[in-house]
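Each chain, letter by letter, is given below.
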Amino acid sequence: MTAAKEETSTPSTRDPLVQLRGVNKYFGEMHALKDINLTIGRGEVVVVIGPSGSGKSTLCRTINRLETISEGSITIDGEELPQEGKELARLRADVGMVFQSFNLFAHKTILENVTLGPMKVRRMKKAEAEQLAMQLLERVGVEAQAQKYPAQLSGGQQQRVAIARALAMEPKVMLFDEPTSALDPEMIKEVLDAMVSLAQGGMTMVVVTHEMGFARTAGDRVVFMADGEIVEENTPEEFFTHPRSDRAKDFLGKILKH
């Protein structure tokens, strides 16, 4: 028992980078997030899993205020997320986000897609932005596609470009909202490999996913959600082998049989 306890308390020994305190979110009458308390340590990979409609994506989207919260506070690197304005834009630039859909600009080349943010928001010179972009495209394995347009790339390649684009802003934390759910099975692995390599490089990551293999191998901590609440959190090893709650046991029983 002691060893497991030590393991579950590991994240709290890290320097906290993202903190959610008493976060509630309502969509009209629907209580989508219920009193969420979560601390993500610097360099930690937190994988958020749970049944559809459990609030996973909403949680992810509140961390950069794509969704406003009804109550509570969210701080990133000690600074509370403001409601709106320039301060929000500045803080949001520290949070990279990769969605289910790639959201690349169709009329711009891959290189232009990746350099746009650093040049516009970080005021980086074009040559410097292009050098950074090429390094990042190489890191995710699509540097050969730099002069092509998004429509000329496979879904897996486009998603890896989306990861490079988010990294180009040099974020403190990366959010992934089901990044592989729109992909064909053979493309999923290439995107997950790029994410594993990021995790190994020490990037702080919050990953909402249905990919249990990724949760097991790349996650430092699994957060299991149901009905808008965090039901339990633990190391991947403990969560998958000894889930504590009936909800988690039921969820794992359904998905691990297939």
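Details of the structure are given in the entry above.
Every value quoted in this text rests on a predicted model; they were computed, and no experiment measured them.

K.L.:
Looking at this structure, how should I read the overall build of the chain?
P.N.:
For the chain, the count of helices and strands is ten helices and ten strands. Expected size for 258 residues packed as a compact globule is a radius of gyration near 18 Å; at 18 Å, the chain falls within 12% of this value. Overall size of the chain, expressed as C-alpha extent along the three principal axes, is 55 × 40 × 35 Å. Across the 258 residues that make up the chain, the buried fraction comes to 50%. A fraction of 66% describes how many contacts in the chain between residues 6 or more apart in sequence connect residues 24 or more apart. For the chain, the exposed surface amounts to about 12400 Å²; the carbon and sulfur share of it is 49%. Of the charged side chains in the chain, 31 are positive and 36 negative, and the gap between their average positions amounts to 4 Å.

K.L.:
Would you mind showing me how to read the packing of aromatic side chains here?
P.N.:
By convention here, two paired aromatic rings are described through the distance between centres and the angle between planes. Tallied over the entire structure, the rule returns three aromatic pairs. Where phenylalanine 224 meets phenylalanine 251, the ring centres are 5.3 Å apart and the plane angle is 50°; that geometry is what we call tilted. Of this pair, phenylalanine 224 sits in strand S9 (residues 221–226) while phenylalanine 251 is found in helix H10 (residues 246–255), placing the two residues 27 residues apart along the sequence. Like phenylalanine 251, phenylalanine 224 is buried. Arranged with centres 5.3 Å apart and planes meeting at 80°, the rings of phenylalanine 239 and phenylalanine 240 form a pair that is edge-to-face. One residue, lysine 25, lies across the ring of phenylalanine 27, its end atom 4.7 Å from the ring centre.

K.L.:
Hey, could you run me through the sheet that holds strand S6 (residues 95–98) in this one?
P.N.:
Picture the strands of a sheet paired through backbone hydrogen bonds; they go either parallel or antiparallel. Pairing is mixed across the open sheet formed by six strands, whose spatial order is S6-S7-S8-S3-S9-S10. Looking at which strands have only one partner, the edges of the open sheet turn out to be S6 and strand S10 (229–234). Each strand axis lies, on average, 20° off the axis of its neighbour in the sheet, ignoring direction. Sheet topology note: the strand S7 (residues 173–177)/strand S8 (residues 204–208) ladder contains five bridges and is parallel. Counted as the bridge partner of leucine 175 is valine 206 from S8. Most of the contacts of helix H7 (residues 185–200) go to S8, to which it runs at about 145°, and overall it touches strand S3 (45–49), S7 and S8. Strands in contact with H10 are S3, S9 and S10; relative to S9, the strand with the most contacts, it is inclined by about 100°.

K.L.:
Please clarify how the side chain of aspartate 177 should be interpreted in this entry.
P.N.:
Structurally, aspartate 177 can be placed in strand S7. Arginine 61 provides the closest opposite charge to the buried, salt-bridge-free aspartate 177, at an N-O distance of 4.7 Å. In contact with aspartate 177, not counting residues within four places along its chain, are Ser57, Cys60, Arg61, Met97, Val98, Phe99, Gln100 and Val208.

K.L.:
Could you clarify how one ought to interpret the nonpolar core in this entry?
P.N.:
One recurring pattern in soluble globular proteins is that nonpolar side chains are buried together. Counting residues in hydrophobic clusters, the biggest one holds 52 residues, and the most contacted among them are Ile49, Leu137, Ile163, Met174, Phe176, Met195 and Met205. Beyond its immediate sequence surroundings of up to four residues, methionine 205 is in contact with Glu44, Val45, Val46, Met174, Phe176, Met195, Leu198, Ala199 and Phe214. Among the nonpolar cores identified, the runner-up in size contains 27 residues, and Leu20, Val46, Val48 and Met97 belong to it.

The rules we used
Residues numbered from 1 in each chain as written. Predicted model: local features only at pLDDT ≥ 70, side-chain atom pairs only at ≥ 80, totals over all residues. Heavy atoms only, no water. Helix = DSSP H or I, 4+ residues; strand = E, 2+ residues; numbered from the N terminus. Rg over C-alpha atoms; globule rule 2.2 N^0.38 Å. Buried < 20%, exposed > 50% of the residue type's maximum accessible area, 1.4 Å probe, protein only. Contact = heavy atoms within 4.5 Å. Areas by Shrake-Rupley, 256 points an atom, 1.4 Å probe, with all protein chains shown as cover. Lys, Arg positive; Asp, Glu negative; His and termini not counted. Charge placed at Lys NZ, Arg CZ, Asp CG, Glu CD. Phe/Tyr/Trp six-rings, centres within 6.5 Å; stacked < 30°, edge-to-face > 60°. Lys NZ or Arg CZ within 6 Å of the ring centre and 35° of its normal. Pairing = 2+ DSSP bridges. Axes fitted to C-alpha atoms, helices over the stretch in contact; angles between N-to-C directions. Salt bridge = Lys/Arg side-chain N within 4 Å of Asp/Glu carboxyl O. Core = buried A, V, L, I, M, F, W, Y, C linked by side-chain atoms within 4.5 Å.

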